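The chain contents come next:
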Protein chains: 2
Amino acid sequence: MADEKKLVEAITSMEEDFAQWYTDVVKKAELIDYSNVKGCMVIKPAGYAIWELIQRQLDDMFKQTGVENVYMPMFIPESLLEKEKEHVEGFAPEVAWVTHGGLEPLQERMCVRPTSETLFCDFYANDIQSYRDLPKLYNQWCSVVRWEKTTRPFLRSREFLWQEGHTAHATAQEAEARTEQMLNVYADFCEKVLSIPVVKGRKTDKEKFAGAEATYTIEALMHDGKALQSGTSHNFGDGFARAFEIQYADKDNQLKYVHQTSWGMSTRIIGAIIMVHGDNSGLVLPPRVAPTQIMIIPIQQKKEGVLEKAAELKERLGAFRVKVDDSDKSPGWKFSEQEMRGIPIRVEIGPKDIEANQCVIVRRDTREKMIVSLDELEIQVQKILDTIQADMLKRAQDHLAGHTYSAVTTVDFEKTLAEKPGFVKAMWCGDAACEEAIKEKYGATSRCMPFEQEHLSDTCVCCGKPAKTLVYWGKAY
Amino acid sequence: MADEKKLVEAITSMEEDFAQWYTDVVKKAELIDYSNVKGCMVIKPAGYAIWELIQRQLDDMFKQTGVENVYMPMFIPESLLEKEKEHVEGFAPEVAWVTHGGLEPLQERMCVRPTSETLFCDFYANDIQSYRDLPKLYNQWCSVVRWEKTTRPFLRSREFLWQEGHTAHATAQEAEARTEQMLNVYADFCEKVLSIPVVKGRKTDKEKFAGAEATYTIEALMHDGKALQSGTSHNFGDGFARAFEIQYADKDNQLKYVHQTSWGMSTRIIGAIIMVHGDNSGLVLPPRVAPTQIMIIPIQQKKEGVLEKAAELKERLGAFRVKVDDSDKSPGWKFSEQEMRGIPIRVEIGPKDIEANQCVIVRRDTREKMIVSLDELEIQVQKILDTIQADMLKRAQDHLAGHTYSAVTTVDFEKTLAEKPGFVKAMWCGDAACEEAIKEKYGATSRCMPFEQEHLSDTCVCCGKPAKTLVYWGKAY
């Protein structure tokens, strides 16, 4: 028991210190480890397996919309990065520079990609000649580097893994449709695969991507009421095309500029999974991204037939991601470990269960215990996994709805931001000065101008001038 | 017809100029493109899709042996790279150095990983405490950078994609067993998935990996008789463990050094697929790594019912990777394209075929034409794909056997190397000076000391002193 206590005690409770709870879970669930390379993390097997499940399912969704995967170089020559003015201003201050190759200095220094718009543009400028070459719907899975000063596991690190889609289209309409389509793919993915509900909207000019005409975002709400930008989709119009001279001959043989988009989701989303679903016993994983969905734990495993039965159940559950913990630890310790790692279902099987032709199934999310006849094992397990997946979404939706507030007056707005962690919906005049003032005064940023607009009042919650748009405000990771 | 001729004419024949043929195929089959980042390539959808199929199948084989995937940082601080003496000497001359992060110079420069032994060792030094933590069987899929002076698509580029496995074991025996096991995984993968036979053996000290005790290799023979090192597996003994202080407490509570291995296969293997199987019409892909396995080409597609029938066949063949080419190009052009891209099976379907309830199936590898009843379509297609996969291996095996020679005397050896492209088996005294001399005189290197040893004579083919080992010699990529 002493050992078991130690494992659980090692986590700070989220009510006491949410940031510390997060770090504890990340370490204790063995998702990542710090490395001696400052600001970079080691993604351990339990963490990487989640990323692989994310990759495979998101990639399938991309491919269903016609997207193809490619791979671009990881280096960007300085002159290439500088071609689009806003873009270089946004990224140059935070890139890593390679200055030497082998024993010799480079003629031109190169940065490690912080994002690959410039490389795709450079490629498209040669590869696209005619309207027959369009659309280009390319994506790549890779790592990128941004020289962050302060870092946090998954949420902000100098190197992170992501996918970046880059498309080129004949018309502005097509580019806009693709930008929205991919945002919807992200939102669907979050809801259906990760059980995370999101708010969809457009970023203000201040918050949009460097070089984009419009940035769309999905914003999720963490358990502590802070927002996490979880995926973005950008419409570049023909801005990059003009900077990189990406033109095609249309059917009428006129040279025209292409219209482009890009969209990305990163390992950051694993941070969202932790902070939306986790509890004081550790990680809680949605079944669809749980590397192990079922842990079978034999009780009194030295008794005759118990380990054999556990192995038999594992065999029968082969359609799922299932393991048996037959180590020499105590059952209680094994329960704690299974809970810490967020494994959705625990199956307990002991001599008495075997005699009664049953097992005990415990849900990780609710801790509900069920006695299940072994005759119905496969069917019940599937049902319970589906229920967990759906219930986790429902709970997260309730949390989002219960922590989204409306504020009409400045006093109201200030009070809500100060006292109620969550999103605050309020009207905005459209002026960046008000955004700046709100950030400075309350530490809150505009998360998005939601697609589902409401009219709360006629005046900006900050300056009192006529309001243009409803904005979701919040404190963010 | 003019267009069709153009497509085919654009390839140099392999008999005329093998190197140019290779480059032509790579470009025309749209596998890669050169980029404006010197020495780096863009892997296009047709090339990346092959890599994805390689990844998925090789990764499954790794996981079946207990391997787990992780992700390590892409940067290596200089002091870390320098910890193992032979290793740094081998790699330091060919790495890319990052000297600035954001706007500031780094306190210590870092290289972009050329391989990640040092990072894994650094991690293991903290992560491994007890015999209970062993073995560690980790792998990562990533890109690495080596500052090559001359580059060729897939075969040698400054950045390439690969996997690198890194394991740590309690004993020397276990490490040796894992080194051999992974070499066998590579050899099996090449034979079963890529239809490429390989020679398995050990590298000489001169050719082994920087820092390894022993390097095992699989060597494949290209169509032009040159060798390609296709995968390597290294046993490090406890050399890295001593340099990095990776110790564990054994059951008897004694501190002991771990024994380590590493093993890798890269995008280079795509070069092997091209050069083992390709012909003068382009790429020939083994069905198991063909992104498209079947191309259905409608004949007289404007006639009523043809496109509908083609779509129906595609639907019926949904268990395979199948496409319909219903573009407005001529059938002949479509045939050329399908051949250029190496798609294993072409299904032709026109009005007469429909009337006769049949289709024409053409094998890419042999160009054999078969009339197949539509009633048997799925079964026949599966059969033909299996046959292609097996026949391609058989032909490659015959080519390997037919281009492997034995030489007993120096004169024989010289003559064979000069006149007969392929492997030359010959005895060697074990002295690096002879290897050096052979390389200088004939441009041939020791490919490996094969596991299947033979005794051809008592004396070294170079110096005439007593021979120790049989070596496969060859000119290599």
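Here, the structure is the one placed above.
Parameters and conventions
Residues numbered from 1 in each chain as written. Chains lettered and ligands numbered in written order. Predicted model: local features only at pLDDT ≥ 70, side-chain atom pairs only at ≥ 80, totals over all residues. Heavy atoms only, no water. Helix = DSSP H or I, 4+ residues; strand = E, 2+ residues; numbered from the N terminus. Rg over C-alpha atoms; globule rule 2.2 N^0.38 Å. Buried < 20%, exposed > 50% of the residue type's maximum accessible area, 1.4 Å probe, protein only. Areas by Shrake-Rupley, 256 points an atom, 1.4 Å probe, with all protein chains shown as cover. Lys, Arg positive; Asp, Glu negative; His and termini not counted. Charge placed at Lys NZ, Arg CZ, Asp CG, Glu CD. Arc of directions from axis to C-beta. Contact = heavy atoms within 4.5 Å. Buried area = accessible area lost by both parts, 1.4 Å probe. Salt bridge = Lys/Arg side-chain N within 4 Å of Asp/Glu carboxyl O. Polar contact = N/O pair within 3.5 Å; in protein donor to acceptor, adjacent residues only side chain to side chain. Nonpolar A, V, L, I, M, F, W, Y, C, P; charged D, E, K, R; others polar. Pairing = 2+ DSSP bridges. Core = buried A, V, L, I, M, F, W, Y, C linked by side-chain atoms within 4.5 Å.

Considerations on the overall build of chain A
For chain A, the count of helices and strands is 15 helices and 23 strands. Taking 2.2 N^0.38 as the reference for a compact globule, 477 residues should give roughly 23 Å; the C-alpha atoms of chain A span a radius of gyration of 25 Å, in line with that estimate. Once the C-alpha set of chain A is aligned to its principal axes, its extents read approximately 80 × 60 × 50 Å. Considering chain A as a whole, with its 477 residues, one finds that 60% of them fall into the buried category. Split by element, the accessible area of chain A, about 19500 Å² in all, is 48% carbon and sulfur. Separation between the mean location of the 60 positive side-chain charges and that of the 73 negative ones in chain A comes to 2 Å.

Some points on helix H14 (residues 410–419) of chain A
Residues and elements named next belong to chain A. Residues of H14 that are buried include every one of Phe413, Thr416 and Leu417, and no others. Down the axis of H14, the smallest arc covering the buried residues is 95°, so these residues share one side. Facing away from the buried side of H14, by more than 90 degrees, are the exposed residues Val411, Ala418 and Glu419. Taken together, the buried residues of H14 touch strand E20 (404–406), strand E21 (423–428), helix H15 (432–442) and strand E23 (469–474).

Quick word on the interface of chain A and chain B
Every contact between the two is made by 52 residues of chain A and, on the other side, 52 residues of chain B. Between chain A and chain B lies a buried interface of about 4500 Å² when both sides are counted; carbon and sulfur atoms form 60% of it. Our count for the contact surface shared by chain A and chain B stands at six salt bridges. Residues B:Asp127 and A:Lys44 are paired through a salt bridge, measuring 3.4 Å at the closest nitrogen-oxygen approach. Summed over the shared surface of chain A and chain B, the number is 23 residue pairs in polar contact (both at pLDDT 80 or more). Per-class residue counts for the side of chain A that touches chain B are 29 nonpolar, nine polar and 14 charged. With five bridges joining them, strand E5 (residues 96–101) of chain A and strand E5 (residues 96–101) of chain B adopt antiparallel strand pairing.

Description of the side chain of A:Ser262
Residue and element names in this part refer to chain A. Summarising the element assignment, Ser262 is placed in strand E14 (residues 259–266). Using a relative accessible area of 2% as the deciding quantity, one classes Ser262 as buried. Of the polar contacts made by the side chain of Ser262, one reaches the side chain of Glu117; its length is 2.7 Å. Not counting residues up to four positions away in its chain, the partners in contact with Ser262 are Glu117, Gly165, His166, Thr232, Ser233, His234 and Phe236.

Details of the nonpolar core
The biggest cluster of nonpolar side chains holds 210 residues, and the ones touching the most others in it are A:Phe75 and B:Phe75. With sequence-adjacent residues up to four places away left out, A:Phe75 is seen in contact with A:Val98, A:Met110, A:Cys111, A:Val112, A:Leu119, B:Val37, B:Cys40, B:Ala96, B:Val112, B:Val145 and B:Trp147.

Taken by themselves, the reported measurements are silent on function.
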